[in-house]
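Residues per chain, in single letters:
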Amino acid sequence: MGNYSTNEFRSGLKVMLDGDPCSILDNEFVKPGKGQAFNRVKLRNLKTGRVLEKTFKSGESIEGADVLDMDMQYLYNDGDFWYFMEPDTFEQHQATETAVGDTQLWLKEQDTCMVTLYNGSPLSVTPPIHVELEIVETDPGLRGDTAQGGSKPAKVVTGATVKVPLFLDQGDVIKVDTRTGEYQGRAKD
Amino acid sequence: MRAELFAYLRTFFAEQSVLEVDPPCLAATTVTDLNIESIKAQMGGASGYLQTSPEFFMKRMLASGLGDIYYLGKAFRDAEQGSRHNPEFTLLEWYRVDYDEYQLMAEIESLVCGAFSRLINSTPRVTRTSYGDCFEKSLQLDPHTASLEALQATAVNQGYKDWANETRANCLDLLFSEIIEPSLPKGLVFIYDYPACQAALAQTYQDEKGRLVSRRFEAFLDSVELANGYFELRDAQQQNQRFNEDNRLRTRAKKPAMATDKHLDRAMQVGLPSCSGVALGVDRLLMQLCGVSSINEVLAFPWERC
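Rules used in this analysis
- Residues numbered from 1 in each chain as written.
- Chains lettered and ligands numbered in written order.
- Predicted model: local features only at pLDDT ≥ 70, side-chain atom pairs only at ≥ 80, totals over all residues.
- Heavy atoms only, no water.
- Core = buried A, V, L, I, M, F, W, Y, C linked by side-chain atoms within 4.5 Å.
- Buried < 20%, exposed > 50% of the residue type's maximum accessible area, 1.4 Å probe, protein only.
- Helix = DSSP H or I, 4+ residues; strand = E, 2+ residues; numbered from the N terminus.
- Contact = heavy atoms within 4.5 Å.
- Expected span 1.5 Å × (residues − 1).
- Polar contact = N/O pair within 3.5 Å; in protein donor to acceptor, adjacent residues only side chain to side chain.
- Phe/Tyr/Trp six-rings, centres within 6.5 Å; stacked < 30°, edge-to-face > 60°.
- Lys NZ or Arg CZ within 6 Å of the ring centre and 35° of its normal.

Let's shift gears to the nonpolar core. All names here are of chain B. Counting residues in each nonpolar core, the largest one holds 36 residues, and the members touching the most others are Leu5, Leu92, Trp94, Val112 and Leu280. Top contributing element to this core by residue count: helix H3 (residues 101–120), with eight residues. When near neighbours in sequence (up to four residues on either side) are disregarded, Val112 contacts Leu188, Leu221, Leu226, Leu280 and Leu285. Among the nonpolar cores identified, the runner-up in size contains 23 residues, and Leu141, Ala155, Cys171 and Phe176 belong to it.

Glancing now at H3(B). All names here are of chain B. Taking 1.5 Å as the rise per residue, H3 with 20 residues should run 28 Å; its terminal C-alpha atoms sit 28 Å apart, in good agreement. Those residues of H3 that sit buried are Glu101, Leu104, Met105, Glu107, Ile108, Leu111, Val112, Cys113, Gly114, Ala115, Phe116 and Leu119. Its side-chain oxygen at 3.0 Å from the backbone nitrogen of Tyr102, Asp100 defines the N-terminal cap of H3. Following H3 by one or two positions, Asn121 has its phi on the positive side, about 55°.

Before going further, it helps to examine the packing of aromatic side chains. By the definition in use, this model includes 15 aromatic pairs over all chains. Seen in terms of ring centroids, B:Phe12 and B:Phe13 are 5.3 Å apart; in terms of plane orientation they differ by 85°. Their pairing is edge-to-face. Overall, B:Phe13 belongs to the buried group, its relative accessible area being 0%. Between B:Phe176 and B:Phe220, the ring centres sit 5.5 Å apart and the planes meet at 40°, which makes this aromatic pair tilted. Of this pair, B:Phe176 sits in helix H6 (residues 168–180) while B:Phe220 sits in strand E11 (residues 216–221); the two residues are 44 residues apart in sequence, bridging distant segments of the chain. Each of the two residues, B:Phe176 as well as B:Phe220, counts as buried. When the ring centre of A:Phe56 is taken as origin, the NZ or CZ atom of A:Lys54, which lies over that ring, is 5.5 Å away. Its guanidinium or amino end placed over the ring of B:Tyr205, B:Arg215 lies 5.9 Å from that ring's centre, counting from NZ or CZ.

Now the structure itself:
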């Protein structure tokens, strides 16, 4: 990986900071008329997800991070690792529980996810924004009650619990927004 | 709004009998400042620089006896681009013979407040404070007498842990830009008595506490740097020493040393009248008048679209 100078900083650039890969969110050029120029940079630590700010002297350079976002198909989980496959090369990658994190609640086999690779191995996994999942466990449906509000918890096939309207039943397939974990509607078959 | 502001500024100076001048934007030499880079231009076999300010030409005019003069036009600085910077920008620079820096600050106040009342029917609050007092208040530190180690330690304590080995001027710039500038009162703020190490081309003097400070000031408008002025250095020999020191620092920072302006030197030998001068960022003033936070919003064609 090459080095990047502050004038190449732009949002989305992946760099190493204190040994961790970070993604630049925002880069502000600050310069007193006669004085030293700075770059006030906001970064997200890709390991911890934490956002931090750092002020660089303009012209300084830092090491780029070998970080790559790639769409991959989720294959299966063997109890220890989650396996993903590159669609073009069929190359498989195993992701640890730390990398998968809460995303595991939304991982359905064969769905396409964005896997962030750091030095070639998965650093984090982002699920598709919308997933369609089958309800495996919920209280029996109340057929008549379709219009009014009211919801109940339903467990879906991937293990997550989603609040769904009362009329839904075990075996129904629902659409969920993975960013909020909210029920979006019934999947159209 | 830009056209209205230009008209207002020209009327303001006409009423004060300050003469508009039109110095070149392109010249064979340029400034030696450590932190200002000039854009290089090629003309046939020769090379020159787009001027970062009309200062040197205007000082030659002053030495030739032109009296009070102003320039309203373009200036250029390399690699300066951001929400408050564009490599080509509009500068208002003026010099007042026999004024000290306080008389000039008073004139800036009436010019800026006049622009606010004329163009947007409001009046900014005006505050004056010294550079030293700002540091005492925000950081409990005397920027003129504090040791380099104390300045570095303050930068580190404020969370800038990579600044432990920076120069005095850089530590001061960092602390000023990051800690003091954002906390300045709203409205127009004048800060005077800059540190001697940042005197640029201002005279220096011993203040009432016996500290060597420069007769340089800056104006800020809602925490945005607006203008930089001096009670001008007149000693040709001292000026050359400062240029040489700039070049020594440039070389140490692995930047090319810049040839000095021989014409300016000759004019200084003849004699610059006692005067104060200031450069004001017109685009920054427009940003405040229009209530916008990005310079691109007051430029018809910012650099990205040029």
